[in-house]
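A look at the structure
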Amino acid sequence: MELQGLIYLFVGISFALYIGIAIWSKAGSTKDFYVAGGGVPPIANGMATAADWMSAASFISLAGIIAFKGSDGGAYLMGWTGGYVLLAMLLAPYLRKFGKFTVPDFVGDRYYSDLARTVAVIAVIFISFTYVAGQMRGVGIVFSRFLQVDVNTGVMIGMGIVFIYSVLGGMKGITYTQVAQYCVMIFAFTVPAIFLSLQVTDTFLPQLGIFAQTAFAFDDGVKMIPEGTYLMHALDQAVNDLGFNNYTDPGNIFNMFMLTVVLMAGTAGLPHVIVRFFTVPKVKDARVSAGWALVFIAIMYTSISSVAAFSRVNLINNVQNVEYAKFVSGSQLRADGTVNSGAWFKTWENGGLLAWNDRNGDGKIQYAAGAAFDGAKGKPKFDGEKRGEHGQRLTTNAKGQAEQAQLTKNNGIANEIYVDRDIMVLANPEIAHLPNWVIALMAAGGLAAALSTAAGLLLVISSSISHDLFGQVIYKDKKTGQTTLSEKNELALARAAAVVAIGVAGYLGINPPGFVAQVVAFAFGLAAASFFPVIILGIFDKRMNKEGAIAGMAIGLSFTFIYIAYFVFWGGNKADYLFGIAPTGIGTIGMIIHFAVAFVVSRATPPPPKEIQDMVENIRVPMGAGKASAH
Amino acid sequence: MDAIKAQEYWKENISTILKLLAVWFIVSLGCGVLFINQLNMIEISGVKLGFWFAQQGSIYIFVILIFVYVSMMKKIDEKYNVDE
């Protein structure tokens, strides 16, 4: 079957499956809508949590980031999994015992303050929208590349699907859809990983592939790396020859430490992850469900380092010194006489995520360290649809020469290609010439990853608006402290909020802010500097009061916000970094400041009321958790 | 449950968590980041040990840690009879 037909088939079947599940699991009450009735079995919840957690960033971008960063990329692998250990031990069981619907619920009740609740609502909405924007970019990339529809149409279709199952089914619909999405995405990631592992190292399990030896000899452009070299040695040798730092050597250890901590604490503090543990029946289930979630995440995450290494080797092996015109037209032959087809190169180049600049005018592609394009931060600025003599897309970048120092380091090879990191995983099967159905599977997998996360985030946004803002702050009866909003109206409001949130997310998808990657640093930094400490203190420090919590959140949040905003968006100079800490890792300092400020302020102000202290005693003991309840 | 027993339960809970988090810290931020260069001097089948901890090894240990935690807490819950 033709590739395009297969892609439509796979994506169509998976979409039909999601909608079918949504209709089957329609939500009838606010409890169904917010926490799936509190009755999801731990393994299913673990699987849904894994799908919710593994976003377009994990599926589409992570292996690509690691392929280019090498050793330092480990911060993402450890950070995005290590956070689950913190969740399981420090947050999930107690929050389940607390037994409400949302994170602002906990903050508002534990700190007996609507101000704290409102700050939490704002942080939830900001963090979640930041994240949704990233998912929408993923949906756009997959649609434009694989379904060859316009990005805007792609986003609309994606939004339509999410609309159907999140507005209709709420958490209940989302949870069971995510179980299906997990299966689609893990299959789509693992199958190509196994193919690649067999192809590059003759090893079946990708996890073991990094320990294996190369199954072929390849020319890195400087010298031949013989067959049977250990994969990591081959990679180090190749990148070294081309002027990059060793793949397996760490760069700045201090910043790697800061980034790992922020990603761990941020993971444990992200509202859409925390809320998953409200959906299980018992405290015990919350603990074990965090374990299952990590098992399902680990199945993908433990193979990412190998996929990254394979794809870097494959990239060098397939593009180094090939003639552009022959390569993209499919008439380039390898030494053994097989065809090395660069059709993928042309497609991604047409999409603007790949570009070639024939610096030395030999008509061949060269790959090495350094920028391929001059000016514009090394990124290509395409000159409309104009084509050069070999058929390549032309750019308006200044015509310069590669720097002499870089050339010497690169063994005389000037880099001629620009590769967007986000394309590595999606392009992998094509670069490796895997069968068409594997490529079609990638499309369905990428969409499952983006849509499952987007749905989880949209639900968190809508519940903080309908439940926390309207239910608990605006419609609160001042005398009784109870909400005057009926359950039926709250459910209608939740659905309306979901519709609005989907609209905003769709807008962000069609008009993506040009800085999605940097914005993710915001989400993790802010979660680490706000929710993580405020919840930990609420559980483990009985003496913590509202003054301490509000001061901690306000100072921790604003410090992190201003630092990131200053250096990322307002053009702050690298030389001015506090202790040399990059903005991506600053949430760690924000978190420490939060803990310190909260401690000092709480000890200088009166202790929390007796009933709050009793409540803290209560959530520390699993007995009598009951089901998640509204009030 | 009386207050004294609740205190003891909580203490035991905390000490369990602290022990497990110590392991968590050592394998990830210790082996994978702070001492990565020292561990990288050891190499297995071409893979440097510190690199492996950062990119694969710590994840396996995280999974084991959570399930160890679940089973230790189960015992403590039963001991203090606070199981649901």
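Residues numbered from 1 in each chain as written. Chains lettered and ligands numbered in written order. Predicted model: local features only at pLDDT ≥ 70, side-chain atom pairs only at ≥ 80, totals over all residues.

Our focus in this paragraph is the overall build of chain A. Regarding its fold elements, chain A presents 24 helices and six strands. For 631 residues, the compact-globule formula gives about 25 Å, and the C-alpha radius of gyration of chain A, at 25 Å, lands near that figure. If you line up chain A on its principal axes, its C-alpha atoms span 80 × 55 × 45 Å. Across the 631 residues of chain A, 59% fall into the buried class. Considering only residue pairs separated by 6 or more positions, chain A has 78% of its internal contacts joining residues 24 or more positions apart. (Helix = DSSP H or I, 4+ residues; strand = E, 2+ residues; numbered from the N terminus. Rg over C-alpha atoms; globule rule 2.2 N^0.38 Å. Buried ≥ 20, exposed ≤ 12 C-beta atoms within 10 Å, placed from the backbone. Contact = placed C-beta atoms within 7 Å.)

With that out of the way, let us pick up the interface of chain B and chain A. Accessible area lost on assembly of the parts is the figure often given for the size of an interface. Each partner contributes residues to the interface: chain B has 39 residues there, and chain A has 42 residues. Listing elements by their share of the side of chain B that touches chain A, those giving two or more residues are helix 1 (3-34), helix 2 (36-39), strand 2 (47-48) and helix 3 (49-79) of chain B. The element best represented in the side of chain B that touches chain A is helix 3 of chain B, accounting for 16 residues. Looking at side-chain class alone, the side of chain B that touches chain A contains 27 nonpolar, eight polar and four charged residues. (Nonpolar A, V, L, I, M, F, W, Y, C, P; charged D, E, K, R; others polar.)

Residues and elements named next belong to chain A. Between the first and last C-alpha of helix 18 (residues 436-474) there are 55 Å, a value that for 39 residues agrees with the 57 Å anticipated at 1.5 Å per step. The sharpest bend along helix 18 comes to roughly 30°, located at Ser464. Counting buried positions over the 39 residues of helix 18 gives 33, a clear majority of the element. (Expected span 1.5 Å × (residues − 1). Bend = angle between axes of the 7 residues up to and from the residue.)

All names here are of chain A. When cut into domains, chain A gives domain 1 (3-314 + 437-619) and domain 2 (316-428). Computed over C-alpha atoms, the centres of domain 1 and domain 2 are 34 Å apart. Each side of the interface is counted separately: domain 1 has 29 residues, and domain 2 has 24 residues. Mapped by element, the contributors of at least two residues to the side of domain 1 that touches domain 2 are helix 4 (56-69), helix 7 (114-147), helix 8 (151-201), strand 1 (218-219), helix 10 (231-241), helix 13 (283-319) and helix 18. Here the element with the most residues in the side of domain 1 that touches domain 2 is helix 4; it accounts for eight residues. Considering only residue class, the side of domain 1 that touches domain 2 consists of 16 nonpolar, eight polar and five charged. (Domains from an automatic or database assignment.)

With that settled, the discussion passes to the environment of Val82 of chain B. Residue and element names in this part refer to chain B. With respect to the element layout, Val82 can be found in the segment after helix 3. We classify Val82 as partly exposed; it has 19 C-beta atoms within 10 Å. Distance from Val82 to Tyr9, taken between C-alpha atoms, is 9.0 Å for residues 73 residues apart in sequence.

With that settled, consider the packing of helix 4 of chain A against helix 13 of chain A. Residue and element names in this part refer to chain A. One can describe the packing of helix 4 onto helix 13 by two numbers: an axis separation of 8 Å at closest approach and a directional angle of 60°. In terms of their interaxial angle, helix 4 and helix 13 are classed as oblique. The handedness of the crossing between helix 4 and helix 13 comes out as right-handed. Seen from helix 4, the contacting residues are Leu62, Ala63, Ile66 and Ala67; seen from helix 13, they are Ile304, Ser305, Val307, Ala308, Ser311 and Arg312. Across the contact of helix 4 with helix 13, the residue classes break down as seven nonpolar, two polar and one charged. (Axes fitted to C-alpha atoms, helices over the stretch in contact; angles between N-to-C directions. Parallel < 35°, antiparallel > 145°, perpendicular 65-115°, else oblique. Left-handed = near helix turned anticlockwise from the far one by under 90°.)

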